[in-house]
Amino acid sequence: MAPLLRLNAVAFISPHNHPILIRTFEKGDELKYHYVAHTSLDVIEERTNGPTKSNDCYLGLLYAMDDIAAYGYITPLKMKIVLALPLTDSVVRDAEVIMTFRALHLAYYHASSNPFIRLHDTPAGVGSAKWKRFRRKVDEISRAVGGGSVPS
């Protein structure tokens with residue numbers, strides 16, 4: 001049986017490069033994953049604005065840093081999703097990562113399709129109580145993919 005994909009963090013970033021949600025699944029490393037999300041933006045911008053533009057949403061491995069591998073995904077509406085996975089000796093299959101990105105994209109799509117919720121209606125944004133269901137869905141996806149712990 002193949003090892004499970006373990007998520008360290010998930011970042012949702014708006015088309016204007018503002019973080020919407022950065023959800024960490026490792027205790028005490030929140031600042032580190034904010035850094036990963038922001039540095040991933042440079043690589044995403046470089047790949048999407050380069051001479052060869054692809055219609056594929058999956059951007060693949062963005063970079064590896066210390067003990068983290070950052071993978072990127074950009075939606076047709078330019079919303080970016082970044083996954084931070086631990087660097088291990090096991091092989092990370094692109095199919096598993098793509099499946100995770102699609103599940104996260106679908107969760108965001110369902111949350112943002114609610115006509116009674118506006119993304120930027122409060123300073124807290126996705127941190128507000130209205131987005132609790134979305135945060136819970138992200139946690140469920142993390143558990144389903146990697147069986148890991150989820151922040152409270």
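Residues numbered from 1 in each chain as written. Predicted model: local features only at pLDDT ≥ 70, side-chain atom pairs only at ≥ 80, totals over all residues. Heavy atoms only, no water.

Participant: Which residues make up the sheet that holds strand β4 (residues 68–74), and what values do they have?
Facilitator: Hydrogen bonds along the backbone pair up the strands of a sheet, which may run parallel or antiparallel. On the basis of which strands lie adjacent, the open sheet formed by 5 strands has the order β2-β1-β5-β4-β3 and antiparallel pairing. Because the sheet does not close on itself, it has two edges, and the strands there are β2 (19–24) and β3 (58–65). Between one strand axis and the next, the sheet turns by 15° as a mean value, whatever way the strands run. Summarising the sheet, β4 and strand β5 (residues 80–86) pair through 7 bridges and their orientation is antiparallel. (Pairing = 2+ DSSP bridges. Helix = DSSP H or I, 4+ residues; strand = E, 2+ residues; numbered from the N terminus. Axes fitted to C-alpha atoms, helices over the stretch in contact; angles between N-to-C directions.)

Participant: I'd like to hear about the nonpolar core, residue by residue, with values.
Facilitator: Among the nonpolar cores identified, the biggest contains 27 residues, and F12 and F134 are the most heavily contacted of them. For this core, the elements supplying multiple residues, two or more each, are β1 (9–13), β2, β4, β5, α2 (94–112) and α3 (132–146). Broken down by element, the residue count for this core peaks at 6 residues, all from α2. Excluding residues that lie within four positions of it along the chain, F12 makes contacts with H18, P19, I20, L21, M79, K80, I81, L104, Y108, F134 and V138. If you look at the next biggest cluster of nonpolar residues, it comprises 19 residues, including L41, L59, L62 and Y63. (Core = buried A, V, L, I, M, F, W, Y, C linked by side-chain atoms within 4.5 Å. Buried < 20%, exposed > 50% of the residue type's maximum accessible area, 1.4 Å probe, protein only. Contact = heavy atoms within 4.5 Å.)

Participant: How would you explain the side chain of N8 if you had to name every residue and give the values?
Facilitator: Within the secondary structure layout, N8 lies in the segment before β1. Look at N8 and you get buried, because its relative accessible area is 4%. The residues touching N8, leaving out its near neighbours within four places in the chain, are R23, T24, F25, E26, Y33, I68, A84, L85 and P86.

Participant: Give me unusual backbone geometry: which residues, what numbers.
Facilitator: Although it is not a glycine, N17 adopts a positive phi angle of roughly 65°. Note on placement: N17 falls in the loop between β1 and β2. Backbone geometry at D66 places phi at a positive 50°, although glycine is not the residue there. Here D66 is to be found in the loop between β3 and β4.

Participant: Account for the packing of α2 against α3, naming residues and giving values.
Facilitator: Between two packed helices, both the angle of their axes relative to each other and the distance between the axes serve to describe the pair. Where α2 contacts α3, the two axes come as close as 10 Å, and the packing angle between them is 165°. As judged from the angle between their axes, α2 and α3 are roughly antiparallel. The crossing of α2 and α3 is right-handed. Together, T100, A103, L104, A107, Y108 and A111 of α2 and F134, K137, V138, I141 and V145 of α3 make up the contact between the two elements. Of the residues assigned to the contact of α2 with α3, the class counts are 9 nonpolar, 1 polar and 1 charged. (Parallel < 35°, antiparallel > 145°, perpendicular 65-115°, else oblique. Left-handed = near helix turned anticlockwise from the far one by under 90°. Nonpolar A, V, L, I, M, F, W, Y, C, P; charged D, E, K, R; others polar.)

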